[in-house]
Amino acid sequence: MVALWIILGIIVVLVLMVIGWYNGLVRLRNRVKNAWAQIDVQLKRRFDLIPNLMETVKGYMHHERETMEAVTQARAAVQQATGGGAAARGQAEGALGAALGRLFAVAEAYPDLKANQNFLALQEELTSTENKISFSRQYYNDSVLQFNNKIQMFPSNIVAGMFNFKEDEFFEVTVPEQREAPKVSFS
Amino acid sequence: MWEQIRANRVRSFVLIALMAAVLIGIGYAIGLFVASPVTGLVIALLVWLFMTLIAFFQGDSILLGLSNARKIKPGDHPRLYNVVEEMKIASGLEKMPDIYIIDDPALNAFATGRDPNHAAVAITSGLLERLNRDELQGVIAHEISHIRNRDVLLMSLAGIMLGTIVILSWYVTRMLFFTGGMRGGRRSSGGGQGQVILMLIGLVFIILAPIAAQLLYFAVSRKREYLADASGALYTRYPEGLASALEKIAGSTAAVRHANKATAPMYIANPFRSRNMSAASLTSTHPPIQERIRILRAMGGNVSYAKYEENYEKVHGGKVMPASAMGLAPVTAREASADEGALGVTDRLRQRRETTDALDRAHDYRIVTCECGTKWKVPRDYQDDHVLCTRCGRQIDLRQ
């Protein structure tokens, strides 16, 4: 009789522990999902801000056609990559970030543009969106790391196997190498 | 990144339990003098309950009201709003905290709110106009860390208990002093020598309790500051931002006008600072600022709680971080943001204008720009449809 109670007690404790690990895993998975949604929101925001920026910049930067076109092209590439995998998307977003960075660097040479209230507001918004992208990526990757650790480590890995929890991918934004300036030699 | 919160719970519980023990002790001791120990306990608990209820439901508004803070909307000060949102994202906070600007030239900031869903950060206009973006990010990250680590709730609960202990001790010692001690009834009942000794111990306890409670409170408060510095550095990946902001704060001696002792632990730096204050005073709510800067600066390229602990041991000695945070992986520090160096005179002027504009918008002024480029601030109760631009003589239409 006593043995029966002990066995029953052990079973109850085990079930409770499994429930606890399961819930922990679900919580982490939801955090990863939320974090991903955050990145998406910010990438979309940057995408939407660019036409406005180009409209404002157009009247001032007459000699920077190439820089401006690079941004427009990078934006189009992002649109194409949106359906693709995380790696392709990361690369396209990285290229867009780099192109925008060059545009703002060049804008320093145009005092009239720097005095334009609209441009300043857009610059603030885009700088901040850029930061928000990297902070949400940072949070996402931290969440993924924690989730994956939980899936791999004993004893939660047993529960993860039982309920088919899959490891998540990290999100990396890869910045392509800047094109080198053509070398001119007079030999 | 989130485990330190669990360790905080244990420590928080210990602090609250110790404070509660002191509170019960003082209630019991008071009971020895007024009537029965039970009466004393009831008095102590009633005072505490009353103060807790007020703080729980009104805490934020009292604190923000005392500090003369103004709530701002996203458009009022885009840079500040963006930086807070960035740190909200970095820390994984679910709800955007309210943002307040305190119209005060002193350099300080604080966080408040009973839980992460009812949180607010406030910054003085003086600090807002002196910091570049990276520094502002550091300060906001420190404040968001206080919210994230649930320091605000803990320090409020502990602060209320401390307040109760101080008030009870103050009234009872005055009362005993003026009425010449114990009530007649008890004395004539003849407790004998044991009773007298017990009462003496009680008296000593009543006098010492507030001091002990304060030391306890201050020690925990200082630890919380270090932890918030470390978490802030991790959120921004840039310890230098906070270090350089703290340096600016250290360089100013202006005290916050509307600060008082109850609100002091909520600020990023001690709001009563003066230049000749002793460095590592036991009765300070904040660690010495130079020490905090040195610990942050020694972080180098890899930021982690373990590294912070190591630096703390070198600079101060001892341990300060929760053990559960030690195993967390280090992260790579980032570079300074582009063109975020020292602020020149024009930057300072621009930021001052930005800050006063934000305050005026928060006071419901409407800001319109004339075609000649002049900005006009129109108060809410201005009746006319037009306002005259005194620079170019145009009438500015206010109807759109």
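In this text, all values refer to a predicted model and were calculated from it rather than measured experimentally.

Considering the overall build of chain A
- Assigned secondary structure in chain A consists of six helices and zero strands.
- Beginning at the N terminus, the succession of helices and strands in chain A can be written as α-α-α-α-α-α.
- Taken against the 2.2 N^0.38 rule, which gives 16 Å for 187 residues, the C-alpha radius of gyration of chain A at 25 Å runs more than 25% over that of a compact globule.
- When the 187 residues of chain A are sorted by exposure, 24% land in the buried category.
- For chain A, contacts bridging at least 24 residues in sequence account for 78% of all contacts bridging at least 6.

So, helix α12 (residues 345-362) of chain B
- The first and last C-alpha atoms of α12 of chain B sit 26 Å apart over 18 residues, in line with the 26 Å expected at 1.5 Å per residue.
- Of the residues flanking the end of α12 of chain B, it is D364 of chain B, one or two places downstream, whose phi is positive at about 65°.

Examining the nonpolar core
- Counting residues in hydrophobic clusters, the biggest one holds 94 residues, and the most contacted among them are V121, A122 and V139 of chain B.
- If we ignore the near neighbours within four places in the chain, the residues touching V121 of chain B are V84, P97, I99, A109, A111, I140, E143 and I144 of chain B.
- In this structure, V57, A74, A92 and L96 of chain A belong to the second largest nonpolar core, which totals 13 residues.

Looking at the environment of T173 of chain B
All names here are of chain B.
- Within the fold, T173 resides in helix α6 (residues 151-179).
- Of the residues examined, T173 has 14 C-beta atoms within 10 Å and is grouped as partly exposed.
- Counting along the chain gives 34 residues from T173 to I207, while the straight-line C-alpha distance between them is 7.3 Å.
- Residues in contact with T173, not counting those within four places in the same chain, are I206 and I207.

Concerning the pairing of strand β8 (residues 375-378) of chain B
All names here are of chain B.
- Relative to β8, strand β7 (residues 366-369) runs antiparallel, the two being bridged by four bridges. Each residue of the ladder has a partner; that of T369, found in β8, is K375.
- The antiparallel pairing of β7 with β8 creates a hairpin that spans five residues between the two strands, and G373 there sits at a positive phi of about 100°.

A closer look at unusual backbone geometry
- At N164 of chain A, a position not held by glycine, the phi torsion is positive, near 60°.
- Here N164 of chain A is to be found in the segment after α6 (156-162).
- Note on N164 of chain A: 6 C-beta atoms within 10 Å, which makes it exposed.
- Look at D364 of chain B: it is not a glycine, yet its phi comes out positive at around 65°.
- With respect to the element layout, D364 of chain B can be found in the loop between α12 and β7.

So, the sheet that holds strand β1 (residues 69-71) of chain B
All names here are of chain B.
- One open sheet holds the four strands; their spatial order is β1-β2-β4-β3, and the pairing between them is mixed. At either margin of the open sheet sits one strand with a lone partner, and together these are β1 and β3 (109-112). Strand-to-strand, the axes of this sheet are offset by a mean angle of 25°, without reference to chain direction.
- Pairing analysis gives three bridges linking β1 to strand β2 (residues 98-102), with the strands arranged antiparallel. Residue pairing for β2: K71 is matched across the bridge by Y100.

A closer look at helix α11 (residues 305-315) of chain B
- Those residues of α11 of chain B not exposed but buried are Y305, K307, Y308, E309, N311 and Y312 of chain B.
- Phi turns positive, to about 90°, at G317 of chain B, one or two residues after α11 of chain B.

Examining the interface of chain A and chain B
- Contacts between the two partners involve 11 residues from chain A and, on the opposite side, nine residues from chain B.
- The greatest single-element share of the side of chain A that touches chain B, amounting to 10 residues, is contributed by helix α5 (residues 117-152) of chain A.
- A class-by-class count of the residues in the side of chain A that touches chain B yields three nonpolar, five polar and three charged.

A word on the packing of helix α1 (residues 2-58) of chain A against helix α2 (residues 65-81) of chain A
Residue and element names in this part refer to chain A.
- Their axes nearest at 11 Å, the elements α1 and α2 cross at an angle of 160°. Taken together, α1 and α2 sit at an angle that is classed as roughly antiparallel. Between α1 and α2 lies a crossing of left-handed hand. Contacts from F47, I50, M54 and V57 of α1 reach α2 at M68, V71, T72, R75 and V78.

Quick notes on the pairing of strand β4 (residues 120-124) of chain B
Residues and elements named next belong to chain B.
- In terms of burial, β4 is largely enclosed, as five of its five residues are buried.
- Alternating residues of β4 divide into A120, A122 and T124 and V121 and I123, and every residue in both groups is buried.
- As paired elements, β2 and β4 share five bridges and run parallel to each other. For I99, the partnering residue across the bridge sits in β4 and is V121.
- Of the pairings in the sheet, the one linking β3 to β4 comprises four bridges and is antiparallel in character. Residue pairing in the sheet places T112 in a bridge with A120 of β4.

Quick notes on the environment of G373 of chain B
Residue and element names in this part refer to chain B.
- Tracing the sequence through the fold places G373 in the loop between β7 and β8.
- Judged by the 11 C-beta atoms lying within 10 Å of it, G373 is exposed.
- Distance from G373 to D98, taken between C-alpha atoms, is 32 Å for residues 275 residues apart in sequence.

Topic: the confidence of the model for chain B
Residue and element names in this part refer to chain B.
- Taken as a whole, chain B shows an average pLDDT of 79; of its residues, 82% reach a score of 70 or greater.
- Mean pLDDT across the secondary structure elements of chain B bottoms out at helix α7 (residues 184-188), with 47, and peaks at helix α3 (residues 78-91), with 93.
- Note that residues 184-189 has pLDDT below 50 and, in this model, two contacts with residues that lie over four places away or in other chains.
- Taken as a whole, residues 274-281 scores under 50 in pLDDT and shows four contacts with residues more than four places along the chain or in a different chain.
- Overall fold confidence (pTM) sits at 0.81, and the ipTM for the predicted complex is 0.80.

So, how was this worked out
Residues numbered from 1 in each chain as written. Chains lettered and ligands numbered in written order. Predicted model: local features only at pLDDT ≥ 70, side-chain atom pairs only at ≥ 80, totals over all residues. Helix = DSSP H or I, 4+ residues; strand = E, 2+ residues; numbered from the N terminus. Rg over C-alpha atoms; globule rule 2.2 N^0.38 Å. Buried ≥ 20, exposed ≤ 12 C-beta atoms within 10 Å, placed from the backbone. Contact = placed C-beta atoms within 7 Å. Expected span 1.5 Å × (residues − 1). Core = buried A, V, L, I, M, F, W, Y, C linked by C-beta atoms within 7 Å. Pairing = 2+ DSSP bridges. Axes fitted to C-alpha atoms, helices over the stretch in contact; angles between N-to-C directions. Nonpolar A, V, L, I, M, F, W, Y, C, P; charged D, E, K, R; others polar. Parallel < 35°, antiparallel > 145°, perpendicular 65-115°, else oblique. Left-handed = near helix turned anticlockwise from the far one by under 90°. pLDDT = per-residue confidence, 0-100.

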